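Observations on the model geometry
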Amino acid sequence: METLTYSRIKSRKNCPMAEHIRYELGLAPKQKKGSFALGSAVHRGLETNSIEEAMAIFSDTFPSTQEEQDKLEINKAIVQAMLGGYFQRFGVWPDDTRKESKFSIPIINPETGARSRSFELQGKIDAITAIDGQNWIVEYKTASQINDDYFNRIELDEQVSTYMYAAQKFFEIPIVGIIYRVLKKPSIRQKKTESLEQFCQRLAQDYLNRPEFYFFEGKFYRSQEDLVQYEKELWAFTKQYLYERNHGIHCKNASRCTDFGRCEYMPICLQEADWEFIYEKREIHEELKA
Ligand code: SF4
């Protein structure tokens, strides 16, 4: 049985070739992006209510140049500042909050009720908490830009349907919606006249002084009818995906190649010289193992 996740399905819908490279061939760039470690550290800190736990994410990073060392120190300072400001702004969830909840459910044919023999749906929810007797999923995000369209996009995002649908089935509890807590990355930079230490202090203070600039919360809902529709769409996705894979079809969606800079798989698609040395085989669903 193969695992589908929200991220994998999104990847396939964005660009089938990118999904094929990452999730079927198992290839990923050797060098992790700095922002990846930063996001992971913030998540760890939020899930454990501990800045110390967040810092542990950086413990296996060994910079080889002074520039890399400075960057690492700045990333650590950003994580500390973000979490310090977040805990001041929101505090922590009640003790009975369910943290880091993994789910695994069958994918159902909505017409017959039969289970898919090829795929199951898995994922990891940041938290589930009860407010006034109603269950809410909690998701954390870090982002550079937050505006109205950021939340409009979440309103349309399949993550809301996926997690509500899966959590209701797996935990057998009604879910009223998802609370997104979004932490904005810093917009201030180190000044030429400022030492690294002075900059880190200014950063931490800025997160404490301007919570309305750095921290956002949005609540999102799906009706039970929406979730019935989601189940149909999920089943249809698996049918199309199987057809394409069985026929060796992995279309390249060139309109996504330059999203967020440059797609990390462009050297493969362009068959650039020595592209093999840029990538390594990696666990396919790393996020489920952590
Ligand atoms: S470079 Fe473009 S076509 Fe190739 S995987 Fe990335 S998005 Fe898809």
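Residues numbered from 1 in each chain as written. Predicted model: local features only at pLDDT ≥ 70, side-chain atom pairs only at ≥ 80, totals over all residues. Heavy atoms only, no water.

Description of the overall build of the protein chain
- Counting its secondary structure elements, the protein chain contains 12 helices and eight strands.
- Relative to the compact-globule value of 19 Å for 290 residues, the protein chain shows a C-alpha radius of gyration of 21 Å, a close match.
- Each principal axis of the C-alpha atoms in the protein chain carries an extent, and together these give about 65 × 60 × 30 Å.
- As displayed, the protein chain has an accessible area near 16100 Å², and 50% of this comes from carbon and sulfur atoms.
- Side chains of the protein chain give 40 positive and 44 negative charges; the mean places of these two sets differ by 2 Å. (Helix = DSSP H or I, 4+ residues; strand = E, 2+ residues; numbered from the N terminus. Rg over C-alpha atoms; globule rule 2.2 N^0.38 Å. Areas by Shrake-Rupley, 256 points an atom, 1.4 Å probe, with all protein chains shown as cover. Lys, Arg positive; Asp, Glu negative; His and termini not counted. Charge placed at Lys NZ, Arg CZ, Asp CG, Glu CD.)

A short note on the site of the ligand
- In the neighbourhood of the ligand, the contacting residues comprise Cys15, Ala18, Lys252, Asn253, Arg256, Cys257, Cys263, Met266 and Cys269.
- Among the residues making up the shell around the ligand, the classes are represented as six nonpolar, one polar and two charged. (Near = heavy atom within 4 Å. Nonpolar A, V, L, I, M, F, W, Y, C, P; charged D, E, K, R; others polar.)

Observations concerning the nonpolar core
- Ranked by internal contacts, the top residues of the largest apolar core, which has 36 residues, are Leu121 and Ile137.
- Those elements that provide at least two residues to this core are α1 (6-14), β3 (98-108), β4 (115-131), β5 (134-143), α6 (148-156), α7 (158-171), β6 (177-184) and α10 (224-246).
- With near-sequence residues (within four places) excluded, Ile137 lies in contact with Ile125, Ala127, Ile128, Tyr163, Met164, Ala167, Ile175, Gly177, Ile178 and Ile179.
- Within the second largest apolar cluster, 31 residues are counted, among which are Ile78, Tyr86, Ala127 and Tyr140. (Core = buried A, V, L, I, M, F, W, Y, C linked by side-chain atoms within 4.5 Å. Buried < 20%, exposed > 50% of the residue type's maximum accessible area, 1.4 Å probe, protein only. Contact = heavy atoms within 4.5 Å.)

A few points about the packing of helix α5 (residues 66-90) against helix α8 (residues 196-209)
- At a minimum axis separation of 8 Å, α5 and α8 run at an interaxial angle of 20°. In terms of orientation, α5 lies roughly parallel with respect to α8. By crossing handedness, the relation of α5 to α8 is classed as right-handed. Mapping the contact onto sequence places Asp70, Glu73, Ile74, Ala77, Ile78, Ala81, Met82, Gly84, Gly85 and Gln88 in α5 and Leu196, Phe199, Cys200, Leu203, Ala204, Tyr207 and Leu208 in α8. (Axes fitted to C-alpha atoms, helices over the stretch in contact; angles between N-to-C directions. Parallel < 35°, antiparallel > 145°, perpendicular 65-115°, else oblique. Left-handed = near helix turned anticlockwise from the far one by under 90°.)

Focus: the packing of α1 against α10
- Closest axis-to-axis distance for the α1/α10 pair is 12 Å, and the angle between their directions is 60°. Viewed along their axes, α1 and α10 adopt a mutual orientation that is oblique. In this structure, the crossing between α1 and α10 has a hand that is left-handed. On the side of α1, the interface is formed by Arg8, Ile9, Arg12 and Lys13, while α10 contributes Leu234, Phe237, Tyr241, Glu244 and Arg245.
- Here the contact of α1 with α10 is built from residues that sort into four nonpolar, no polar and five charged.

Topic: unusual backbone geometry
- Of note, Glu100 is a non-glycine position whose phi angle comes to about 40°, a positive value.
- By secondary structure assignment, the location of Glu100 is in strand β3.
- Even without being glycine, Asp132 reaches a positive phi, approximately 50°.
- Of note, Asp132 is situated in the loop between β4 and β5.

Examining the packing of aromatic side chains
- In total, this model carries 20 aromatic pairs according to the counting rule given.
- Residues Tyr150 and Phe151 carry aromatic rings whose centres are separated by 5.5 Å and whose planes lie at 80° to one another, so their mutual orientation is edge-to-face. When sorted by exposure, Tyr150 lands in the same class as Phe151, which is buried.
- On the numbers, 6.1 Å between centres and 65° between planes, the contact of Trp275 with Tyr279 is edge-to-face. (Phe/Tyr/Trp six-rings, centres within 6.5 Å; stacked < 30°, edge-to-face > 60°.)

Focus: the pattern of salt bridges
- This structure, assessed with the given rule, holds 21 salt bridges.
- For Arg22, the salt bridge identified is with Glu286, shortest N-O distance 3.7 Å. Taken together, the residues span a long stretch of sequence, with Arg22 in helix α2 (residues 16-24) and Glu286 in helix α12 (residues 286-289) at a distance of 264 residues.
- Classification of Arg22 by relative accessible area gives buried; the value is 10%.
- Overlapping salt bridges bring together Glu2, Arg8, Arg12, Glu19, Glu24, Glu244 and Arg245 as one network. (Salt bridge = Lys/Arg side-chain N within 4 Å of Asp/Glu carboxyl O.)

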